[in-house]
Amino acid sequence: MQLDDLASSESIEQEAWTALEKSILYYKGRPVGTIAAYDATVEALNYDQCFVRDFVSSALIFLMKGRTDIVRNFLEETLKLQPKERQLDAYKPGRGLMPASFKVVCDDGEEEYLEADFGEHAIARVTPVDSCLWWVILLRAYVVATKDFSLAYQPQFQHGIRLIMELCLATRFDMYPTILVPDGACMIDRRMGIYGHPLEIQALFFAALRAARELLICQGNEDIVTAIDNRLPLLRTHIRQYYWMDLHRLNKIYRFKSEEYGKAAANPFNIYADSLPYYELDKWLPRKGGFLVGNVGPSQLDTRFFSLGNLVAVVSDLTSEEQSQAIMNLIEERWDDLVGDMPMKLCFPALENDEYRIVTGCDPKNRPWSYHNGGSWPVLLWLLSAAAVKTNRIELGHKAVEIAEARLHLDEWPEYYDGKKGRLMGKQARKYQTWTIAGFLLAKELLQNPTFLPLVTFAPFSVEPASRACEFELVQVDTVYLS
Ligand code: GLC
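Residues numbered from 1 in each chain as written. Predicted model: local features only at pLDDT ≥ 70, side-chain atom pairs only at ≥ 80, totals over all residues. Heavy atoms only, no water.

**Student:** For this particular structure, what's the right way to read the confidence of the model for the protein chain?
**Tutor:** Interpretation of this model should avoid reading the predicted coordinates in detail wherever pLDDT is low. Mean pLDDT over the protein chain works out to 93, with 94% of the residues at or above the 70 mark. Here residues 470-483 scores under 50 on pLDDT; set against residues more than four positions off or in separate chains, the count is 32 contacts. (pLDDT = per-residue confidence, 0-100. Contact = heavy atoms within 4.5 Å.)

In structure tokens, the structure reads:
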């Protein structure tokens, strides 16, 4: 690399930091989060609010830089927004839920207060199922970074985690190890045909279960700890088995029998091979590559590749070592499709024609190869980098950062890109989108300092029988990277 390049790389980082600072949201004089975008040229809608999922990227880079106060404030304030009472009113958020976003309100001369949006104001009234999962994951990252167990062990935090776990583990209709959610319940917060058991939610659920398992004090929580210990291996096996797609699996599905009743069914979800685009997959899947499909349910197998779910699965060890390597092989071999000129695609391929019309409800923002429907989201750069570090494929992370660095600051940090190769700045993309900026800084930091990876990864998976694990009052979090 030339000296000039180094200098410009530094100045780009500096520019990103200045923009990130500008996005910080203050409440009663304390920093409590970052707003979604700082773009004065378009109507703010709710982009002037702090989104829980968006703040995770900012929070992680703040933690790495020792700016732990803002993360702690965020965790404390959002915990207060979580409903604690059992709810029977249809228009009130359920107990344990975390908001999609919140804003600081100040009525004339009155004291400031926080107003949360649980989806009741959001476009299409979507439920933010992922917020509570990201919240537990972030709390655990805070504990790893600061070694400050006392925050998570405070009774109100223990109660908050417990309520989230109850929401995910107890009240449900079906009997899968995965969780059942409506459409648009995560980063893809518009209708995109991801209702049911979408991968993104399941991968976050797995990571949140692992985080909660480390943070919950057993005493008083024995039932939840037992439930987590029971659920973790079942969820992991279910995903590794039924969501996995590679040539071997495609062959199996191609020859599946259907209409099998009872326990011995080889095709328990009654997937009809004709519902799969198997000729396309047969061409697209590299011999040594594979991925987790987007959704599995009754006669449903959504073979779209969703980046967030796959990358969180790699980082949290939801996938086996072999599967993680196969996912990275796929990304490498299908770089043009999945990374292209802007890392990286939210999902691939896009829904087109009738499928687009029926599945998205003709959503103009989600036209084929735009926004959630095959658009490219720079925030995913940090997860790609984390997965690259985790699998010792760090060169893939460097390559992606190099591509992004060349454009992001020139384009003023857009929210997303459109087009098959991600060459068009998103039609309605905000500029100075905070998680684009934070995701870029985070990716660079993770690649430069892989010792930060344990903020989002876990120690090797071992599930102790719950009764034994509870003999120890406190379950220690893996803090090796700081020693
Ligand atoms: C869009 C995205 C969502 C994000 C929000 C704020 O609605 O789909 O994932 O949280 O913008 O950036």
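Continuing now.
**Student:** How should I be thinking about the site of the ligand in this particular structure?
**Tutor:** Taken together, the neighbourhood of the ligand is formed by A36, Y47, F51, R53, D54, M187, D189, Y371, H372, E415, Q433 and W435. With respect to the ligand, the side chain of Y47 contributes an N or O atom lying 3.4 Å from an oxygen atom. Protein coverage of the free-state accessible area of the ligand, which is 300 Å², stands at 96%. Counted by class, the shell around the ligand contains six nonpolar, two polar and four charged residues. (Near = heavy atom within 4 Å. Polar contact = N/O pair within 3.5 Å; in protein donor to acceptor, adjacent residues only side chain to side chain. Areas by Shrake-Rupley, 256 points an atom, 1.4 Å probe, with all protein chains shown as cover. Nonpolar A, V, L, I, M, F, W, Y, C, P; charged D, E, K, R; others polar.)

**Student:** In this structure, what is going on with the packing of helix α16 (residues 394-408) against helix α17 (residues 434-448)? I would like to understand it.
**Tutor:** Each packed pair of helices is defined by two parameters, the angle between the axes and the distance between the axes. Two elements in contact, α16 and α17, have axes separated by 10 Å at closest approach and are oriented at 145°. The interaxial crossing formed by α16 with α17 has left-handed handedness. Contacts from I394, G397, H398, V401, E405 and L408 of α16 reach α17 at T436, F440, A443, K444 and L447. Here the contact of α16 with α17 is composed, by residue class, of six nonpolar, three polar and two charged. (Axes fitted to C-alpha atoms, helices over the stretch in contact; angles between N-to-C directions. Helix = DSSP H or I, 4+ residues; strand = E, 2+ residues; numbered from the N terminus. Left-handed = near helix turned anticlockwise from the far one by under 90°.)

**Student:** Would you take a moment to explain helix α2 (residues 52-64) for this structure?
**Tutor:** What sets the pattern is the α-helix's 3.6 residues per turn: residues three or four places apart point alike. Its 13 residues give α2 an end-to-end C-alpha distance of 18 Å, which sits within 8% of 18 Å, the value for a rise of 1.5 Å per residue. With 13 of 13 residues buried, α2 lies mostly within the body of the structure. Just beyond α2, the residue with positive phi is G66, at close to 80°. (Expected span 1.5 Å × (residues − 1). Buried < 20%, exposed > 50% of the residue type's maximum accessible area, 1.4 Å probe, protein only.)

**Student:** Which parts of the structure should I look at to understand the sheet that holds strand β8 (residues 300-306)?
**Tutor:** In sheet architecture, strand pairing relies on hydrogen bonds along the backbone and comes in two forms, parallel and antiparallel. On the basis of which strands lie adjacent, the open sheet formed by four strands has the order β6-β7-β8-β9 and antiparallel pairing. Strands with a single pairing partner mark the edges of an open sheet, and in this sheet they are β6 (244-245) and β9 (347-348). Both β6 and strand β7 (residues 291-297) contribute to a ladder of two bridges, which runs antiparallel. If you follow W244 over to β7, its bridge partner there is L292. (Pairing = 2+ DSSP bridges.)

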